[in-house]
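Chain by chain, the residues run as shown.
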Amino acid sequence: RAQPDPHDFLDLDASLSDDERLIRDTVRQLVRRDLLDRIPAAYSAGHLPEGFPATAGELGLLGMHLSGYGCAETSAVAYGLACLELEAGDSGLRSFVSVQGSLAMFAIRSYGSEAQKQRWLPEMARGTAIGCFGLTEPDSGSDPSSMITTARFEDGEWLLNGAKMWITNGSIADIAVVWAKTSDGVRGFLVPRGTAGFTTRDVANKMSLRASTTSELLFQDCRLPADAVLPEAVGLRGPLSCLNEARFGIVWGAAGAARACFEAALDYAGTRTQFGRPIAGFQLTQQKLVSMATQVNNSLLLALHLGRLKDAGRLHPHQVSFGKRHNVAAALEVAREARTILGANGITGEYPVMRHMANLESVLTYEGTGEIHTLVVGQALTGLGAFH
Ligand code: TGC
Ligand code: FAD
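These figures come from a predicted structure and were not determined experimentally.

1. Side note on empty space enclosed by the protein
Thought 1: Enumeration according to the criterion identifies one cavity of 30 Å³ or more in this entry.
Thought 2: In this structure, the largest cavity encloses a volume near 70 Å³.
Thought 3: For the lining of the largest cavity, the secondary structure elements donating two or more residues are α7 (237-271) and α8 (283-311).
Thought 4: Of the residues in the lining of the largest cavity, the class split is six nonpolar, two polar and three charged.

Written as structure tokens, this is what we have:
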């Protein structure tokens, strides 16, 4: 029998359906043929590669696991595979697709009125309208219940005041899904770009996730019509349920970033010669490569297992936390180990490793920090909450 493929050591390919493989290969080709060469420049410039939202829309990647309104309604595993391939390119690509499909579109699809869905979802699925999702505030991150942005209903209108911070796609979004405190609890609001009293300001000098726009959203007596509220979501459960979707994509995406770092290190180790032989022939290098291959394959197995649970309707949010926590931490370890194999070359932008490593620091923090997911799983294991 043929030896295991170093790029798919456990033959996970055989566990995928033809449809899943087709979607995986399509996204992989897009990344490798159209994006990989352009990512370093976009990263330096501090934005997404030009035209990516429309391309992602044309390929049906935006809101791809949602149904109706122009969405592709793929399996969760297929959506995960797309996230994997995108993040093997750059976390910024997966972030865009996560925020658009799993946060902004998911919120509208799950909690919006029929008119809101008709108005926004088909355009968002095509990538001709961009969305963002504003939950975090300058003084309210891990604990969103402490948010101070408010929406007051008066004279038949909503009056929005406050600020959201660290919002992916913020200044490029046509529509912002904004969570605010009302007299009934936390509610979601659709705020179109250009609404009076709504401005944005980009976060400058990021050292991580540079191929992505991150912004502050500012609301000063921002007046919204009565029907701007998402009618079906009341309480923190609304926004937190959206996070489950995006965190699921990160479980897969982080494995993609790890795979890209492992492959760069494997390739480099085979061609770089020191002391008269390829560095791949040294035992210490092999130990690193085996450790990385183990992390990558364990992460992929975990992602696939959670994906199958999700497709069976049996995935629990605590299991998503387990996956996000494990796969992001593993990806960071792989990136750091890969960087050592590349020696001095590893710190340059000529290789993708340092970029992935820097990106993964954002991925570790957003969508619930490593510590928060540890406490979610800890609570599930012990029955004792340790947040407060
Ligand atoms: P707690 O009292 O536990 O819960 C409040 C209500 O929410 C429900 N709930 C969930 N529902 C669905 N899915 C989940 N994962 C849920 N977690 C909680 C809960 O059942 C309850 O419902 P109800 O009906 O009984 O009221 O809430 P808590 O305030 O104690 O907080 C729990 C905690 C810490 C886990 C939560 O606040 C949390 O997850 N914090 C982390 C915040 C976070 O992840 N923010 C992410 C912002 S978005 C982002 O980062 C986008 S990055 C985008 C990119 O570029 O990719
Ligand atoms: P804090 O909550 O202040 O945490 C600081 C440290 O304290 C962390 O290590 C944390 O784990 C730890 N800590 C906090 N509470 C506890 C506790 N109870 N026990 C132990 N340790 C604790 N948000 C959005 O709403 N929408 C977006 O689109 C979005 N995009 C983002 C893009 C980027 C690039 C980044 C970096 C962030 C983005 N975020 C977004 C914000 C992100 O969700 C928050 O940064 C995250 O939730 C953590 O909040 P914080 O940064 O305020 O850290």
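2. Points about the pairing of strand β1 (residues 131-134)
For a regular strand, side chains alternate in direction, first toward one face of the sheet and then toward the other.
Thought 1: Of the two faces of β1, the one lined by G131 and F133 and the one lined by C132 and G134 are each fully buried.
Thought 2: Judged from the four bridges that link them, β1 and strand β4 (residues 175-182) form a sheet pairing that is parallel. The residue bridging C132 from the neighbouring strand is A176, located in β4.

3. Quick notes on the site of ligand 2
Thought 1: Among the 17 residues in the neighbourhood of ligand 2, the closest are listed as T136, S142, W166, T369 and E371.
Thought 2: The separation between a nitrogen atom of ligand 2 and a polar side-chain atom of T136 is 2.7 Å.
Thought 3: Within the contact set of ligand 2, a nitrogen atom lies 3.0 Å away from a backbone nitrogen or oxygen of F387.
Thought 4: Protein contact buries 68% of the 970 Å² of open area that ligand 2 shows by itself.
Thought 5: Mapping ligand 2 onto the cavity grids shows that it belongs to the largest pocket.
Thought 6: Looking at the shell around ligand 2, the elements with two or more residues in it are β3 (157-168), α10 (353-365) and α11 (370-382).
Thought 7: Top contributing element to the shell around ligand 2 by residue count: β3, with three residues.
Thought 8: Here the residues of the shell around ligand 2 sort into eight nonpolar, seven polar and two charged.

4. A few points about the packing of helix α4 (residues 76-89) against α10
Thought 1: Put simply, α4 and α10 touch, their axes get as near as 10 Å, and they point 125 degrees apart. As far as their axial angle goes, α10 and α4 are oblique. The segment α4 lies against α10, with E87, A88 and G89 engaging R355, H356, L360 and V363.

5. Considering the packing of helix α1 (residues 18-35) against α4
Thought 1: Contact geometry of α1 with α4 gives a least axis separation of 9 Å together with a crossing angle of 20 degrees. On the basis of their axis angle, the class for α1 and α4 is roughly parallel. The interaxial crossing formed by α1 with α4 has right-handed handedness. Two secondary-structure elements touch here, α1 through E20, I23, R24, V27, R28 and V31 and α4 through V77, A78, L81, A82, E85, L86 and G89.
Thought 2: Broken down by class, the residue content of the contact of α1 with α4 amounts to eight nonpolar, one polar and four charged.

Basis of the calculations
- Residues numbered from 1 in each chain as written.
- Chains lettered and ligands numbered in written order.
- Predicted model: local features only at pLDDT ≥ 70, side-chain atom pairs only at ≥ 80, totals over all residues.
- Heavy atoms only, no water.
- 1 Å grid on protein atoms, 1.4 Å probe; cavity = no way out; pocket = protein on both sides within 12 Å on 5 of 7 lines; lining within 4 Å.
- Points joined across faces, edges and corners; volume = space filled by probe spheres on them.
- Helix = DSSP H or I, 4+ residues; strand = E, 2+ residues; numbered from the N terminus.
- Nonpolar A, V, L, I, M, F, W, Y, C, P; charged D, E, K, R; others polar.
- Buried < 20%, exposed > 50% of the residue type's maximum accessible area, 1.4 Å probe, protein only.
- Pairing = 2+ DSSP bridges.
- Near = heavy atom within 4 Å.
- Polar contact = N/O pair within 3.5 Å; in protein donor to acceptor, adjacent residues only side chain to side chain.
- Areas by Shrake-Rupley, 256 points an atom, 1.4 Å probe, with all protein chains shown as cover.
- Sits in = over half its atoms within 2 Å of the grid points.
- Axes fitted to C-alpha atoms, helices over the stretch in contact; angles between N-to-C directions.
- Parallel < 35°, antiparallel > 145°, perpendicular 65-115°, else oblique.
- Contact = heavy atoms within 4.5 Å.
- Left-handed = near helix turned anticlockwise from the far one by under 90°.

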